[in-house]
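A closer look at the structure
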Amino acid sequence: MIKLSKIYLNYGNNADILKNLDLKLTSGSFHFLTGPSGSGKSSLLKLLFLGHVPTSGKLSIFGKDISEISKPDLPILRRKIGVVFQDFRLLDHLTVIENVALPLQIAGARNRDIKDHVNELITWVGLNDKIDAFPNTLSDGEKQRIAIARAVIGRPSLLLADEPTGSIDSNQGDKIMHLFEELNKIGTTVIIATHDNSLVSQFDYPKLNLVNGKINRNE
Amino acid sequence: MEKLIGMNKKKHFKGRISRIYSFKRRPPFFLFSLVTCMIFLMSISFYSGIYVDFKLDILEQKFEDSLTIQIPGTYGKTKKYHTNQLTKVINLIKQNPKIKKFNVITDQEAISLLEPWVGKNSLPKDIIIPTIIDLRVNKIKDFNIIQIEKKLKKISQNIKIFHNVKYIQPNLRTIKTIKIIVLTIVLITLLSLVFIIITSAKTNISLNSNTIEILHLIGARKNYIAKEFIIQNLIMGFSTTIIGLIIGFLCIIFIGSLYFENFYIDLIKATINLRYLTFVLFLPIIIPLFFCLITYLTIVNNLKKLP
Ligand SMILES: Nc1ncnc2c1ncn2[C@@H]1O[C@H](COP(=O)(O)OP(=O)(O)OP(=O)(O)O)[C@@H](O)[C@H]1O
Ligand SMILES: [Mg+2]
């Protein structure tokens, strides 16, 4: 499913963020990605959602080496990956419902086909009374839930969540984790980056610990 | 009818998803006003350019298609003899169909011109004043001066006819220079407009680079992203052009009317020329399309930099 071998990542002239990193994840797995702040968790996810190319090394997703995929095919691949960005990255000119509906629209679905679906999910994350609000009128926790809804609306094969519970209370956090587990049950591979130890200890999923640019697995 | 109401209700139903998102993104006001200002400046230089061109053309035409006949007094002849000559010349003019208009400068007018030198009422009653006739023809090229000169010489050897263009011959170069300067100004403002449009379109995209990156990461294709900006650009290009052209027109009319008579009518007459009219009418089409083209190329260029 995901295979990284001898991955190096360097953003420029400073030190390598990821050093000779090897990682193999099977399809349908559920992992926590932990590590101290600045260790490169977000950077690793960035490589996985094709937001950056590794400085060197081989990266394959869904069994395909990404350096061999032609540019016109990349959008199709990206649509199979749901991302919750650490800084949410919502579109400010679109309402809550439009932000959530965006991945489906991009994939070519028609509005009347997606509307119920989107409404249901927004209700699920507890924001049905803010459906017509614009992102910059929302709290961070609300934005985070919108970002999560947008990431999961397309039922991705791979879900990458960067600190998905960072801005929300534990009650909401449990609900979100439950959502991720449900997705995982229907086959989505999930990776959650977090430095919230209480969250990690709450669940019995394997951890990927990122230290000094390398992954330490402690299953 | 019920169906219609139902549809309306649906439209205002909570949680509406717009069909086209690019309507929702307003271009920044400073870009809008920048482009409008530039189109305004361009239109001012354009309108004044065509006005000057129009007026200079009329001036040239006036001299080009006009001639002057001079009938001097003959020594030792009576006033009656002179009047007789004048009648013959006028008959000759009237017989020629190519002469559109003629105007005989009257004795009174001629005397009033002499007054500053000779003083009022100091000329003897029977003095013979040389007569000047202004002729206007349809087209100087079709007019045979030599032929009419021959006929005039038959009436009297002293009668002269000449082409008025010789009076402004030295000024023709000046007129040409003014025309070239005006054209240069219009071209410079046009070029600046092109430059401003390119800069604004690029600035607009770089202000929205975050949106482009997010759409790209979610899996949007190049054309979907471009579409997000196309309608916005069409509206921006069209409205700035219309506003700029109209404000420019009103301004030039206001300023022109302070200094020139019938400026308003002349300007409209000048604009109703196929060349200029095409230019004015095509601007609101060309500018939005140009906007879109630059935006599209910038987006493609931006996407190339993303992985
Ligand atoms: N675009 C970038 N350009 C240059 N350096 C970067 C960039 N993004 C991240 N870095 C650097 O890479 C290192 C790892 O950053 P990253 O965001 O991956 O850490 P993280 O583990 O996600 O931290 P946190 O837990 O605080 O989110 C940091 O030292 C950061 O300064
Ligand atoms: Mg991070």
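Here is what the cut-offs are and how they apply
- Residues numbered from 1 in each chain as written.
- Chains lettered and ligands numbered in written order.
- Predicted model: local features only at pLDDT ≥ 70, side-chain atom pairs only at ≥ 80, totals over all residues.
- Heavy atoms only, no water.
- Helix = DSSP H or I, 4+ residues; strand = E, 2+ residues; numbered from the N terminus.
- Rg over C-alpha atoms; globule rule 2.2 N^0.38 Å.
- Buried < 20%, exposed > 50% of the residue type's maximum accessible area, 1.4 Å probe, protein only.
- Contact = heavy atoms within 4.5 Å.
- Areas by Shrake-Rupley, 256 points an atom, 1.4 Å probe, with all protein chains shown as cover.
- Lys, Arg positive; Asp, Glu negative; His and termini not counted.
- Charge placed at Lys NZ, Arg CZ, Asp CG, Glu CD.
- Axes fitted to C-alpha atoms, helices over the stretch in contact; angles between N-to-C directions.
- Parallel < 35°, antiparallel > 145°, perpendicular 65-115°, else oblique.
- Left-handed = near helix turned anticlockwise from the far one by under 90°.
- Nonpolar A, V, L, I, M, F, W, Y, C, P; charged D, E, K, R; others polar.
- Phe/Tyr/Trp six-rings, centres within 6.5 Å; stacked < 30°, edge-to-face > 60°.
- Lys NZ or Arg CZ within 6 Å of the ring centre and 35° of its normal.
- Core = buried A, V, L, I, M, F, W, Y, C linked by side-chain atoms within 4.5 Å.
- Donors = N, O, S within 2.8 Å, 3.2 Å for Na, K, Ca; no water.
- pLDDT = per-residue confidence, 0-100.
- Near = heavy atom within 4 Å.
- Polar contact = N/O pair within 3.5 Å; in protein donor to acceptor, adjacent residues only side chain to side chain.
- Salt bridge = Lys/Arg side-chain N within 4 Å of Asp/Glu carboxyl O.
- Domains from an automatic or database assignment.
- Pairing = 2+ DSSP bridges.
- Buried area = accessible area lost by both parts, 1.4 Å probe.
- Disulfide = S-S within 2.5 Å.

**Comments concerning the overall build of chain A**
- Scanning chain A from terminus to terminus reveals seven helices and 10 strands.
- Computed over C-alpha atoms, the radius of gyration of chain A comes to 17 Å, within 12% of the 17 Å expected from 2.2 N^0.38 for 219 residues, which places it in the range of a compact globule.
- For chain A, the spread of C-alpha atoms along the three principal axes comes to 45 × 40 × 35 Å.
- Taking all 219 residues of chain A together, the buried fraction comes to 54%.
- Of all intrachain contacts in chain A linking residues separated by at least 6 positions in sequence, the fraction that spans at least 24 positions is 71%.
- For chain A, the accessible surface area stands at approximately 9700 Å², while carbon and sulfur atoms represent 47% of it.
- Averaging the locations of the 26 positively and 24 negatively charged side chains of chain A gives two centres separated by 7 Å.

**Details of the packing of helix α8 (residues 222-259) of chain B against helix α10 (residues 274-305) of chain B**
Residues and elements named next belong to chain B.
- Two elements in contact, α8 and α10, have axes separated by 8 Å at closest approach and are oriented at 150 degrees. Overall, the two elements α8 and α10 adopt an arrangement that is roughly antiparallel. By crossing handedness, the relation of α8 to α10 is classed as right-handed.
- Residues belonging to the contact of α8 with α10 are distributed by class as follows: 21 nonpolar, five polar and one charged.

**Examining the packing of aromatic side chains**
- Overall, the coordinates contain 14 aromatic pairs over all chains when judged by the stated rule.
- Ring centres of B:F260 and B:F263 lie 6.0 Å apart, and the angle between their planes is 20 degrees; on these two criteria the pair is classed as stacked.
- B:F260 gets classed as partly exposed once you look at its relative accessible area, which sits at 46%.
- The class for B:F263 is buried, based on a relative accessible area of 4%.
- Linked through ring pairs, B:F46, B:Y47, B:F249, B:Y276 and B:F279 together constitute an aromatic cluster.
- Positioned above the aromatic ring of A:F62, the side-chain terminus of A:K80 is 4.8 Å from the ring centre.
- The ring of A:W124 carries A:K175 above its face, with NZ or CZ at 5.3 Å from the centroid.

**A closer look at the nonpolar core**
All names here are of chain A.
- The biggest cluster of nonpolar side chains holds 59 residues, and the ones touching the most others in it are L102, V118 and F180.
- Considering each element in turn, this core owes the most residues, seven residues, to helix α3 (residues 96-106).
- Sequence-distant contacts of F180, defined by excluding residues within four places in its chain, comprise F30, I148, V152, L159, A161, P164, V190 and I192.
- Within the second largest apolar cluster, 33 residues are counted, among which are I7, L23, I61 and F62.

**So, the coordination of the magnesium ion (ligand 2)**
All names here are of chain A.
- Taken together, S42 (OG) and Q86 (OE1) make up the full set of protein donors to the magnesium ion (ligand 2), lying 1.9 to 2.2 Å away. Note that S42 is positioned in helix α1 (residues 41-48) and Q86 in the loop between β6 (81-84) and α3, a separation of 44 residues in sequence.
- Accessibility expressed as a relative area gives 29% for S42, which makes it partly exposed.
- Overall, Q86 belongs to the partly exposed group, its relative accessible area being 42%.

**A few points about the confidence of the model for chain B**
Residues and elements named next belong to chain B.
- The predicted model of chain B has a mean per-residue pLDDT of 86, with 95% of residues at 70 or higher.
- Helix α1 (residues 2-11) is the least confidently modelled element of chain B, averaging 46 in pLDDT, while helix α7 (residues 209-218) averages 94, the highest of any element.
- Within the model, the stretch residues 1-12 combines pLDDT values under 50 with one contact to residues more than four positions away or in other chains.

**What to know about the site of ligand 1**
Residues and elements named next belong to chain A.
- Looking at ligand 1, the residues that line it are Y11, I17, P36, S37, G38, S39, G40, K41, S42, S43, Q86 and H195.
- Within the contact set of ligand 1, an oxygen atom lies 2.9 Å away from a backbone nitrogen or oxygen of G40.
- A distance of 2.6 Å is found between an oxygen atom of ligand 1 and a side-chain nitrogen or oxygen belonging to S43.
- Relative to its unbound accessible surface of 630 Å², ligand 1 loses 62% to contact with the protein.

**Some points on the side chain of B:D65**
All names here are of chain B.
- The residue D65 is located in the loop between α2 (29-64) and β1 (66-71) in this model.
- For the buried D65, no salt bridge exists, and the shortest N-O distance to an oppositely charged side chain is 6.3 Å, to K100.
- Residues contacting D65, with those up to four places away along its chain left out, are L135, R136, V137, N138, K139 and I140.

**Observations concerning the domain arrangement of chain B**
- What the domain assignment lists for chain B is domain 1 (2-60 + 170-303) and domain 2 (73-158).
- Taking the mean C-alpha position of each, domain 1 of chain B and domain 2 of chain B sit 57 Å from one another.

**Side note on the sheet that holds strand β5 (residues 64-65) of chain A**
All names here are of chain A.
- Spatially, four strands are ordered β2-β1-β4-β5 in an open sheet, and the strand pairing comes out antiparallel. Both outer strands of the open sheet, β2 (18-25) and β5, are each paired with one neighbouring strand and no more.
- As defined by bridge partners, strand β1 (residues 2-9) adjoins strand β4 (residues 56-61) across five bridges and the pair is classed as antiparallel. Bridging from a neighbouring strand, S5 pairs with K58 of β4.
- Sitting on the sheet, α1 is in contact with β1, β2 and β4, with an inclination near 125 degrees to β1.

**Notes on the interface of chain B and chain A**
- Tallying the contact residues gives 27 residues for chain B and 34 residues for chain A.
- A combined buried area of about 2700 Å² lies between chain B and chain A, and 58% of that area is made up of carbon and sulfur atoms.
- It is B:I17, B:L217 and B:I218 that lose the most area in chain B upon contact with chain A, and together they represent 25% of the buried surface on that side.
- Run the count over chain B and chain A and you get one salt bridge.
- For the salt bridge of B:E213 with A:R89, the shortest nitrogen-to-oxygen distance reads 3.5 Å.
- Linking chain B to chain A there are nine residue pairs in polar contact (both at pLDDT 80 or more).
- Secondary-structure elements contributing two or more residues to the side of chain B that touches chain A are α7, α8 and α10 of chain B.

**Details of the state of the cysteines**
- Overall, the coordinates contain zero disulfides over all chains when judged by the stated rule.
- Of the cysteine sulfurs around B:C251, a residue in no disulfide, the closest is that of B:C37, at 11 Å.

**Quick word on the sheet that holds strand β4 (residues 160-163) of chain B**
Residue and element names in this part refer to chain B.
- In spatial order, the strands read β2-β3-β1-β4; together these four strands make up an open sheet with antiparallel pairing. With one partner strand each, in any of the chains shown, β2 (99-104) and β4 form the two edges of the open sheet. Strand-to-strand twist across the sheet, computed as the mean angle between neighbouring axes with direction ignored, equals 20 degrees.
- Strand direction decides the pairing type here: β1 and strand β3 (residues 131-137), joined by six bridges, are antiparallel. Paired with L67 across the bridge in β3 is L135.

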